[in-house]
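# Architecture and fold: a report
Residues per chain, in single letters:
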Amino acid sequence: EYRAYAKQLELPPGHEWPDVPVTVRTSISPEAVYEVGVGEGDADLWWYCAWAKYGLTRDQAALRILGQFRQSRVWPRIDAHGRTLFIEIEKGVGAGNVVMLLEYVEANCQD
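Residues numbered from 1 in each chain as written. Predicted model: local features only at pLDDT ≥ 70, side-chain atom pairs only at ≥ 80, totals over all residues. Heavy atoms only, no water.

In the contact formed by helix α4 (residues 80-94) and helix α5 (residues 99-108), the axes pass within 7 Å of each other and the chain directions differ by 130°. One way to sum up the angle between α4 and α5 is to call them oblique. Here L85, F86, E88, I89 and V93 of α4 come into contact with α5, specifically with M100, L101 and Y104. (Axes fitted to C-alpha atoms, helices over the stretch in contact; angles between N-to-C directions. Helix = DSSP H or I, 4+ residues; strand = E, 2+ residues; numbered from the N terminus. Parallel < 35°, antiparallel > 145°, perpendicular 65-115°, else oblique. Contact = heavy atoms within 4.5 Å.)

Here is the structure:
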């Protein structure tokens, strides 16, 4: 699921997909079973982090691409608090304030 969906998403220059999704890499159990959609969610969040890091370090105009996250497959599975967070990040970016995005990247986008 992860690999098939990742092929449909474009990463910014210099970014690549990890062979193993984050959820699997960080699992405490090698026998863990994941529900449908976890792989797509991993791909969407990797995409978001890649574009955020690229925009923050190389091309702030690229940050507009993050607005597409609301059309991602993971968006309907994000709880209200998470949606509010991403919406507020998007509003900040639109206003030229990247503080919340930077905080999100530092907390959630480590390779």
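What follows is about the state of the cysteines. Here the structure, examined in full by the defined rule, presents one disulfide. One disulfide in the model links C49 with C109; its S-S distance is 2.0 Å. Given an S-S torsion of about -65°, the disulfide between C49 and C109 has left-handed geometry. Linking C49 in helix α3 (residues 38-57) with C109 in the segment after α5, this pair joins segments that are 60 residues apart in sequence. Residue C109 is classed as buried on the basis of its relative accessible area of 4%. (Disulfide = S-S within 2.5 Å. Buried < 20%, exposed > 50% of the residue type's maximum accessible area, 1.4 Å probe, protein only.)

Packing of α3 against α5 brings their axes to within 10 Å, and their N-to-C directions diverge by 125°. With respect to α5, the element α3 is oriented oblique. At the point where α3 passes α5, the crossing takes the left-handed sense. Residue-level inspection shows L45, Y48, C49, A52, K53 and L56 of α3 in contact with α5, the latter providing L101, L102, Y104, V105 and N108. Classifying every residue of the contact of α3 with α5 gives nine nonpolar, one polar and one charged. (Left-handed = near helix turned anticlockwise from the far one by under 90°. Nonpolar A, V, L, I, M, F, W, Y, C, P; charged D, E, K, R; others polar.)

The subject of this paragraph is α4. Taking 1.5 Å per residue, 15 residues should reach 21 Å; α4 reaches 21 Å between its end C-alpha atoms and fits that length. If you check which residues of α4 are buried, you get G82, F86, I89, G92 and V93. Burial along α4 is one-sided: seen end-on, the buried residues are contained in an arc of 120°. For α4, exposure combined with an orientation more than 90 degrees from the buried face picks out A80, H81, K91 and G94. Buried positions along α4 lie against α3 and α5. Looking at the residues trailing α4, positive phi occurs at G96, about 85°. (Expected span 1.5 Å × (residues − 1). Arc of directions from axis to C-beta.)

Turning to the pattern of salt bridges, a few remarks are in order. Pairing between side chains of opposite charge can happen when their charged atoms approach one another. For the coordinates displayed, the defined rule picks out four salt bridges. In this structure, the salt-bridge partner of E90 is R70, at a minimum N-O distance of 3.1 Å. Here E90, found in helix α4, pairs with R70, found in the loop between α3 and α4; they are 20 residues apart in sequence, far enough to count as distant. In this structure E90 comes out as partly exposed when scored by relative accessible area, which is 30%. (Salt bridge = Lys/Arg side-chain N within 4 Å of Asp/Glu carboxyl O.)

Right, let's get into the environment of A6. With respect to the helices and strands, A6 occurs in helix α1 (residues 2-6). A residue is classified by how much of its surface remains accessible, and A6, at 5% relative accessible area, is buried. In sequence terms A6 and G39 are 33 residues apart; their C-alpha atoms lie 9.0 Å from each other.

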